[in-house]
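A closer look at the structure
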Amino acid sequence: MLSGSLAVIGFVMLGIYIVGMLGIGIYCNKKYANTLSGFLTGGRSLGPWVFALTYGSTYLSASTFIGNTGTAYKAGMAYLMMPVAQVVLLPIGLVVFSHGLRRVSVRLGAMTIPQYVEKRFKSPLAGTLASVVILLFMVPYMVGVIKGGALALGSLLGLSYTVSVLLVAGVACAYLVCGGYMARCFTDVVQGVMMGFGMLAVLIMGFFVVGGPAEIAAGVGASDPALLETPGPMGWSNLFLFSSVFALTPWGLPQLVQTNFTIKDRKTVHISSIVLSIWLGAILIGSMIIGNMARAYFGNAYLDNVDAVFPNLVLAFFPNAIGAIIIVAVIAAAMSTIDGVLMTSGSAFGVDIFKRFIKKDASDKQVLTVTNITMFAIMAVVVVWAFNPPAMILTFSSFAFSVIAGALIVPVFAGIYSRKGTTLGCVASMIAGAGGTLLWYIVKPGGNYILGCPPFVAGAILSVIAYVAVSRFTPPLPQEFVDDLFSKEAEENAYAQD
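A short tour of the structure in this document, coming up. All of these numbers come straight from a predicted model, not from anything done at the bench.

Some thoughts on the environment of V370
One can find V370 in helix 15 (residues 364-386). Judged by its relative accessible area of 15%, V370 falls in the buried class. Sequence separation between V370 and V351 is 19 residues, and the spatial gap between their C-alpha atoms is 8.6 Å. Setting aside chain neighbours within four positions, we find V370 in contact with F349, G350 and F354.

Below, the structure is given as structure tokens:
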């Protein structure tokens with residue numbers, strides 16, 4: 001914890017950051033958020049740098065700083081492999097999928113993932129299922145994110161955990177409700193830059209304090225020789241679980257998929273993929289190296305509380321103003337994810353449940369009001385739960401990630417590539433994906449996953465099987481509707497702006 005004049009510096013930096021985020025929210029409220037479409041999509045006009053950092057900072061969060069470093073601290077050198085799949089597959093995915101998502105979302109007039117699924121497969125049931133899954137499982141995910149930000153804030157300024165939770169949640173909710181989607185994007189750019197600086201600063205200082213690869217390996221091995229082996233103390237099951245979940249699930253996570261609806265043009269996608277790859281590599285691989293640095297530096301001191309590793313390492317390396325900046329960067333990482341997840345959850349109720357079932361003739365202004373009220377209500381639930389949070393952030397996040405992605409990943413991408421899918425095929429794939437993922441988490445013969453397969457991978461496989469099998473034996477969608485989605489006109493109008 002910073003003390004004396006350094007504590008004052010910490011409070012000043014935190015205050016500057018908070019005022020800046022709220023200022024962006026006020027600016028975006030006047031320029032973009034005066035209509036429902038503007039609030040939810042910002043006019044569909046994101047350029048490459050804004051898109052890349054919005055996507056990346058929404059994907060990564062405080063769990064990257066707190067959870068990744070804590071997991072590597074506990075699991076050892078083998079977890080240096082875990083981020084590789086993410087750094088490679090996420091940018092490739094942008095190139096492969098983003099254009100199709102933009103084309104179909106514009107053609108359908110979809111602003112949210114439940115809208116997209118419902119309109120693409122002509123199934124109100126599918127849209128409702130998507131909304132329910134999002135509302136149920138985004139809440140536990142946000143709990144883990146807020147815990148990470150609150151731990152960092154408490155370690156910096158000595159604030160109680162309760163006050164820290166309220167501050168992190170309150171600021172993110174305030175600027176998002178005020179400025180909508182573009183407030184989320186512009187704040188995410190600032191937060192993304194802060195995240196990159198924070199991770200690289202700790203990594204570079206670690207090489208000076210702890211030493212290079214040989215010294216890190218020696219220190220890790222001194223704590224436990226098994227940490228130098230593959231897969232390490234946590235076993236193959238967990239290594240595969242975390243690697244697959246965080247590399248593959250982003251393409252089923254609505255807060256990320258919906259971002260693709262708002263890209264400006266095709267060139268944006270290619271530039272963004274390069275920016276994203278470099279940024280992800282610096283932060284993700286850096287976090288795993290830092291976790292092993294911490295094991296070499298602290299030994300076994302934090303085995304019972306691995307989520308405290310990163311904040312304490314920062315304060316050990318930087319008991320000064322730089323440490324304050326880095327901890328504020330962790331808080332920024334939490335907020336950059338909270339805003340995307342919260343907007344997705346709020347719109348899932350306001351747009352996809354309230355307008356469909358409760359007040360079908362609701363005006364855009366009424367839907368926007370309900371969406372904002374829903375975001376406040378969801379945040380209140382998250383805050384209460386965060387007062388008694390899960391023990392290990394990364395495990396909790398992977399569970400929520402997996403169930404949501406298991407339900408949505410097949411319908412989302414079948415919607416842009418498959419002409420053969422049916423309404424019932426979509427519904428069956430969602431049920432099989434979510435249900436299969438949950439089954440794999442719950443049923444563990446001998447303490448291991450069934451067939452050694454990570455839950456999300458099992459859920460995705462079952463979802464594909466259900467989609468193909470049920471679509472083959474159920475009535476197809478109208479041919480003219482499908483042809484229109486894949487038409488030359490749809491292609492030409494893919495980048496129409498609101």
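Points about the nonpolar core
In terms of nonpolar packing, the biggest core is built from 158 residues, with Y116, V202, L280, F310, I338, M379 and L408 touching the most fellow members. Per-element tally for this core: the top contributor is helix 8 (residues 161-209), with 19 residues. Leave out the neighbours within four places in its chain, and V202 touches I290, F310, L313, V314, F317, F318 and I326. By size, the runner-up hydrophobic cluster in this structure holds five residues, among which are W440, Y441, Y449 and C453.

Comments concerning the side chain of D339
Inspection of the secondary structure assignment puts D339 in helix 14 (residues 321-358). Within the buried set, D339 has no salt-bridge partner at all; the shortest N-O distance to an opposite charge, 4.2 Å, is to R184.

As for helix 12 (residues 266-298)
Helix length check: helix 12, at 33 residues, gives a terminal C-alpha distance of 47 Å against a target of 48 Å (1.5 Å per residue), a fit within 8%. The residue sitting at the N-terminus of helix 12 and contributing the capping side-chain oxygen is D265; that oxygen lies 3.3 Å from the backbone nitrogen of K267. Trailing helix 12 by a residue or two, G299 shows a phi angle of about 70 degrees, which is positive.

Focus on the state of the cysteines
Think of a disulfide as a covalent bridge from one cysteine sulfur atom to another cysteine sulfur atom. Summed over all chains, the structure comprises zero disulfides. Here C178 stays free of any disulfide, with the sulfur of C28 as its closest cysteine sulfur at 8.5 Å.

Details of unusual backbone geometry
In this structure, K122 takes a positive phi of about 50 degrees despite not being glycine. Of note, K122 is situated in the loop between helix 6 (113-121) and helix 7 (124-157). The exposure class assigned to K122 is partly exposed, which follows from its relative accessible area of 44%.

Regarding the packing of aromatic side chains
Following the criterion strictly, the structure yields ten aromatic pairs and no others. Where F298 meets Y302, the ring centres are 5.0 Å apart and the plane angle is 75 degrees; that geometry is what we call edge-to-face. Ring-pair connections join several aromatic residues into one group, and the members of that group are Y297, F298, Y302 and F317. Seen from the ring of F121, R120 lies directly overhead, with NZ or CZ sitting 5.0 Å from the centre. Directly above the ring of F481 sits K122, whose terminal nitrogen or CZ lies 4.2 Å from the centroid.

Definitions and limits used
- Residues numbered from 1 in each chain as written.
- Predicted model: local features only at pLDDT ≥ 70, side-chain atom pairs only at ≥ 80, totals over all residues.
- Heavy atoms only, no water.
- Helix = DSSP H or I, 4+ residues; strand = E, 2+ residues; numbered from the N terminus.
- Buried < 20%, exposed > 50% of the residue type's maximum accessible area, 1.4 Å probe, protein only.
- Contact = heavy atoms within 4.5 Å.
- Core = buried A, V, L, I, M, F, W, Y, C linked by side-chain atoms within 4.5 Å.
- Lys, Arg positive; Asp, Glu negative; His and termini not counted.
- Salt bridge = Lys/Arg side-chain N within 4 Å of Asp/Glu carboxyl O.
- Expected span 1.5 Å × (residues − 1).
- Polar contact = N/O pair within 3.5 Å; in protein donor to acceptor, adjacent residues only side chain to side chain.
- Disulfide = S-S within 2.5 Å.
- Phe/Tyr/Trp six-rings, centres within 6.5 Å; stacked < 30°, edge-to-face > 60°.
- Lys NZ or Arg CZ within 6 Å of the ring centre and 35° of its normal.

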